[in-house]
Structures are given as C-alpha cells and as structure tokens.
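# Structure assessment
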Amino acid sequence: MKTKEYNSMKTKSIQLSPPQLLVAVFGVCIIAGAVLLKLPFSTTHSIKWIDAMFTATSAMTVTGLAVMDTGTEFTIFGQIVIMCLIQLGGLGIMSFAVLIFMVLGKRIGFKQRLLIQQSLNQTNIGGVIRLVKHLFIFSFLIEGVAMLFLAIRWVPEYGWGKGLYYSLFHSISSFNNAGFALWSDGLTRYVGDPIVNVTISLLFIIGGIGFTVLVDIWQKRSYKKLSLHSKMMLIGTLVINTVAMILIFFLEYANPKTLGGLDWSEKVWAAYFQAVTTRTAGFNTIDIGSMDESTIFLMLLLMFVGAGSASTGGGIKLTTFIIIILAVLAFLRARDDLNILKRRIDVSFVFRALAISTMGVLFIFSAIFILNISESERIPFLELVFEVISAFGTVGLSMGVTADLSDFGRFIIIFIMFLGKLGPLTLAFSLAKPQRSAIRYPSEDVLTG
C-alpha cells in the first residue's frame, strides 16, 4: 500500500504543465540538433560545442543569427540538419507530433490538444487539430510552389542539382522566417532581382501573417466575414510595411553604402525588402551594418513588434502592438471600451498585451545590460542592442558582430533566441504556476504619470 502511494506521489511530482513540457521538448530538440551539428561530417572543420548549440538554437527558433557561415563551413549533411531544424521549429514540434499521431491512427487526447493550443498561441482549444492539418497543407504547398519559382532563377545559374537544392533550402528558410542563406553576403547579389525579391518576401510575409489568418481566409474567402484578428493582421501588415518601406527609401536614398549606389528600380526593391524583412525574416539585400543610425532605430522598433500570432515569426506580435496603441488612444480620449472595426476588445487582452510587452522589454534590457558589461571592449553599444532585439524577435539580422561575441555572449543570445521563440509568457508560466485569488480587496486610488 505504501509502495503504491509512493509511486502515485512520485508520478504526480514529475507531471509537467503544457508550458513546461513545451519548453522541455523544445530544449531537447535543440540539444539533439547541436549533437548532430557537432558530428565531424556536419562541418568542414572542427567546431566548438557553443557554436553547435548556437547554430542549432538559431535554426530551431527560426532566427537566422550565425556565428559560422552556413554555405561554406557546413557540409550538405550539416545544412540539411539546419533545414530540418528550421522546418521543425517554424511549424512547431507539437504540430509534427500531431502529424505522426494521425499517420499512426492514434487518438489525440486533451493534454496533447492543450500542448498544441500553447505552441500555436491559440485562445481556445477548439479546432486546434483542424488548424494543424491546414497548417501542413498550406506550408508544404506554399514551399513547393515557391521552390519552383526560385528554381526558374537558380537552375539556369547553378545547374539542376545545386539549383533545386538552393531553391528548396531558401524556400523553407523564407517561409519559416529563418533567414539562413547559403551565401556569405546573404541575398545582396540579388538586390534588384524581381523573382528572388518577390518570391522570398512573399514567403516570409505569408509565413509571418499566421496560420490562423491563412485558414480564416481559405474558409471565409470574403473580407467582411473574416475574424477581427485576421482583419487586424492584414490591415496592420499592409500599413506597417508600406510606412517602413517609404521611410527606409528616403532615409537611405543618399547613403552611398546602401541605396546610394543603386539605380532607381534597385533602390525601390532594396527599400521594400529591408522594410518587410525586419518583421522577423532575417534576409538582407544590402549591408545592414552600413545603414544610417536613424534607419537602424526604425528597424529596432520593427523587429521588436515582429510578425503575427500562430506564425513562424517572433517579436511581441503585431496584434499585441496594435492593442497597446488602441489602449493608449482610448485612455487619451477618456473611453472605457477598446473598439476597433466595430468590435470591442476585452480588457483581459489589454492586460495580456501589456504583460507580453513589459516582460519583453525587461528581458531585452537585462540582456543588453549583461552583454554591455561582457562585450563592450569588442562590440559597440548600438550593435549589441541590435543583436539582442534581433535575437528576441527571432529576426536574424545583424550588423556583422555575431561572430565577434564571446562564448558567454553567445550563451546570452542563445537564451534570448529561445525566449523570443517560445514567448515571455510561456517561459514565465513554465517557471511559476498562475494562481487566481478568491479574495477581492477594496480599491484605492494611486497617483500615476
């Protein structure tokens, strides 16, 4: 009897909540990826464990920051490992688990559905399995079509084998907003190429909008019938990308190191690409480190905002940013309700948006503070700030200082990439179980502002 009670208590003590299990599984996959990348036949030369761990984390979190050159320092096997980690991290570990369950004909229980809900950042558990099915259909279809378009450009240039492989790698990397490229200079050689610019940018824009929106569009097929979330994402994406493109075009127009040396059409393509890539894509067609500080500051804001919920991108998410702006406007207008597009947003979403943003700022501030102490002798402050926010937003853009980080600095960036992918709230909930109090105290005014 005592033995049974002991075993029962032991079983209960090791049970993990959905956020804890998600963090644990994600960590195990990163470690497994690092082990594969550390194998002698994964790289052209021996690498340190911290570099293998950094690359695996960057791929699994679909960030794209690199301490090693993907195209020259990793073998085909190592590149395929990176590509698989990108696909796994972008579409979600739990989504692939559901796919395996469905193939094997296994029943998907309530706990598995909770994990899927957590990993896809859904507000309710209903319809998550259907969402996962659509997720795979859309993802593989879009990546396949994009691969064919890229092959039209790269097969004539590199031949059938290399051209198709490059098309597949960059299609997966783009749709999952990873930013890994097989060229040392990113996509700068294709700064004015319409096929590459349109295909790559559409991939990470579609991937960054979010699977919930894609499914909603597919099912409703009418703007009026779309959910409020979908409308906010579509309008917000169009507005923020257009404004960013115009600002970057004028800010960099005369900069001889970026847009200044390009012809008119290349200037437009470059401004457009850099505007949309900051939404967590990570590719670049001009040298980011040569941009003016005013442009860098704009890109910091765009990277912090990030893409959409239930997408392959990171950041605090566009809808979170919109809700905070709406809350500020509602306060300034002395309104009690938060209204947009003839719909009211519940105050609980305002609290959630504030929690996500505040925790994100705190983590970013802490990381910058620590890195400024450890890396200030070798890396300027602005480059450190850019690196940290890029890691948090799982963007992958860099001002060229990633490889200059110390081992300690790389560990900090690893943690920030991990945090950025899972989200501050998921990590917080995995460390502390939220508790609701039945006690409600009397209210009292507090002076603010």
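Residues numbered from 1 in each chain as written. Predicted model: local features only at pLDDT ≥ 70, side-chain atom pairs only at ≥ 80, totals over all residues. Heavy atoms only, no water.

### Side note on the overall build of the protein chain
What counts, and what does not: The helix count covers DSSP runs of H or I at least four residues long, the strand count covers runs of E at least two residues long, and both are numbered beginning at the N terminus. By definition, residues are in contact when any of their heavy atoms lie within 4.5 Å. Under the convention used here, a 1.4 Å probe and the Shrake-Rupley method define accessible areas, while residue burial counts only the protein chains that appear.
On a plain count of helices and strands, the protein chain comes out with 19 helices and 2 strands. Expressed as a percentage of contacts within the protein chain between residues at least 6 apart in sequence, the contacts between residues at least 24 apart total 69%. Carbon and sulfur atoms make up 66% of the accessible area of the protein chain, which totals about 22200 Å².

### Quick notes on empty space enclosed by the protein
In this approach a probe as big as a water molecule rolls over the atoms, and the regions it shows empty are the leftover space. Applied cut-off: Here a cavity denotes grid points, spaced 1 Å and computed from the protein atoms alone, that fit a 1.4 Å probe unable to get out, and a pocket denotes an open set having protein on both sides within 12 Å along at least 5 of 7 lines; residues with an atom within 4 Å of a point are the lining. Grid points are joined across faces, edges and corners, and a volume is the space filled by probe spheres set on the points. Each residue gets one of three labels, nonpolar for Ala, Val, Leu, Ile, Met, Phe, Trp, Tyr, Cys and Pro, charged for Asp, Glu, Lys and Arg, and polar for the others, Gly among them.
The final tally for this structure, using the stated rule, is 1 cavity of 30 Å³ or more. A volume near 70 Å³ is recorded for the largest cavity. Taken together, N177, F204, I205, G208, I209, M233, T237, N241, V276, R279 and A307 make up the full set of residues lining the largest cavity. Counting residues per element, the ones that place at least two in the lining of the largest cavity are α10 (194-209) and α12 (228-252). Of all the elements, α10 adds the most residues to the lining of the largest cavity, at 4 residues. Split by residue class, the lining of the largest cavity holds 6 nonpolar, 4 polar and 1 charged.

### Focus on the environment of I142
In this fold, I142 is placed in helix α8 (residues 128-158). When the C-alpha positions of I142 and F175 are compared, they lie 8.1 Å apart, and in sequence the two are 33 residues distant. Contacts of I142, omitting those with residues within four sequence positions, involve F175, L203 and I206.

### Some remarks on the nonpolar core
Operational definition: The set of buried Ala, Val, Leu, Ile, Met, Phe, Trp, Tyr and Cys residues whose side-chain atoms join them within 4.5 Å is what this entry labels a nonpolar core. The classification of residues rests on relative accessible area computed with a 1.4 Å probe and restricted to protein chains. Under 20% of the type maximum is buried, over 50% is exposed, and intermediate values are partly exposed.
Counting 108 residues, the largest nonpolar core has I82, I86, I200, F204, I288, F386 and I413 as its most contacted members. Dropping the residues within four chain positions of it, I200 is found in contact with L150, H170, S174, L187, F273 and F283. Counting 12 residues, the second-largest nonpolar core is a separate cluster that includes L135, F138, F175 and V215.

### Here's the deal with the environment of I323
Its location among the elements puts I323 in helix α15 (residues 318-332). For I323, a relative accessible area of 10% puts it in the buried group. As a C-alpha pair, I323 and V350 span 27 residues in sequence and 6.4 Å in three-dimensional space. Setting aside chain neighbours within four positions, we find I323 in contact with M232, L338, I345, F349, V350 and A353.

### Observations regarding the pattern of salt bridges
Convention followed: Salt-bridge detection follows one rule: a side-chain nitrogen of Lys or Arg within 4 Å of a carboxyl oxygen of Asp or Glu.
Here the structure, examined in full by the defined rule, presents 7 salt bridges. Put simply, D407 and K48 hold a salt bridge, and the shortest N to O gap is 2.9 Å. Taken together, the positions of D407 in helix α18 (residues 407-422) and K48 in the loop between α2 (18-38) and α3 (49-60) put the pair 359 residues apart, joining distant regions of the chain. When its relative accessible area of 38% is taken as the criterion, D407 is described as partly exposed. Looking at K48, the relative accessible area reads 42%, which means it is partly exposed. R153 is the salt-bridge partner of D193, the closest N and O atoms lying 2.4 Å from each other. Of this pair, D193 sits in the loop between α9 (160-175) and α10 while R153 sits in helix α8, and the two are 40 residues apart along the sequence. Relative accessible area serves as the criterion here: at 13%, D193 is assigned to the buried category.

### Some points on the packing of helix α17 (residues 381-392) against α18
Relative orientation and spacing of two packed helices are given, respectively, by the angle between their axes and the distance between those axes. Keep this limit in mind: As a rule, the C-alpha atoms of each element are fitted with a line to give its axis, helices using only the stretch in contact, and angles between N-to-C directions run from 0 to 180 degrees.
For the pair α17 and α18, the least separation of the axes is 7 Å and the interaxial angle reads 35°. Here E387, V388, A391 and F392 of α17 lie close against α18, whose contacting residues are I413, I416, M417, L419 and G420. For the contact of α17 with α18, the residue count by class is 7 nonpolar, 1 polar and 1 charged.

### A closer look at the layout of surface pockets
Here the second largest pocket is characterised by a volume of approximately 570 Å³. Forming the walls of the second largest pocket are 29 residues, and the residues nearest its centre are A66, S184, G186, N284 and S398.

### Concerning a nonpolar patch on the surface
For clarity, the threshold we go by: Patch construction takes residues with relative accessible area above 30% that form no salt bridge. Like charges are linked within 9 Å, and nonpolar side chains (Val, Leu, Ile, Met, Phe, Trp, Tyr) are linked within 5 Å.
Nonpolar side chains collect at one region of the surface, where Y223, I235, V239, V243, L247, L251 and L341 lie side by side and expose about 550 Å² of accessible area between them. Structurally, V243 can be placed in helix α12. Taking the relative accessible area as the measure of exposure, V243 reaches 43% and is therefore partly exposed.

### Concerning the confidence of the model for the protein chain
Test applied: Note: pLDDT gives the predictor's confidence per residue, expressed from 0 to 100.
In this model, the protein chain carries an average pLDDT of 85, and 83% of its residues clear a pLDDT of 70 or more. Contacts for the low-pLDDT stretch residues 8-13, under 50 throughout, to residues beyond four places or in other chains number 0 contacts.

### What about the packing of aromatic side chains?
Definition in use: We call Phe, Tyr and Trp rings a pair once their centres come within 6.5 Å, taking the six-membered ring for Trp, and we label the pair stacked below 30 degrees between planes, edge-to-face above 60, and tilted otherwise. The rule is short: NZ of Lys or CZ of Arg within 6 Å of the ring centre and within 35 degrees of the ring normal puts a charge over the ring.
Counting across every chain of the model gives 19 aromatic pairs. Judged by centre distance (6.2 Å) and plane angle (35°), the rings of Y158 and W183 are tilted. Placement of the pair is Y158 in helix α8 and W183 in the loop between α9 and α10, with a sequence separation of 25 residues. Residue W183 is classed as buried on the basis of its relative accessible area of 7%. By the ring-pair criterion, three or more aromatic residues cluster together here, those being W154, Y158, Y165, Y166, F169, W183 and Y190. Positioned over the ring face of W49 is K38, at 5.4 Å from the centre of the ring. Between R221 and the ring centre of W218, over which it is positioned, the NZ or CZ distance is 4.3 Å.

### Notes on α15
Condition: A helix is expected to reach a length of 1.5 Å times the quantity of its residues less one.
For α15, with 15 residues, the first-to-last C-alpha span of 21 Å sits near the 21 Å given by 1.5 Å per residue. All buried positions along α15 are accounted for by L318, T319, T320, I322, I323, L326 and A330. Looking at the packing, one finds that the buried side of α15 touches α12, α14 (293-305), β1 (338-340), β2 (343-345) and α16 (347-375). Among the residues trailing α15, A334 stands out with phi positive, at a value near 60°.

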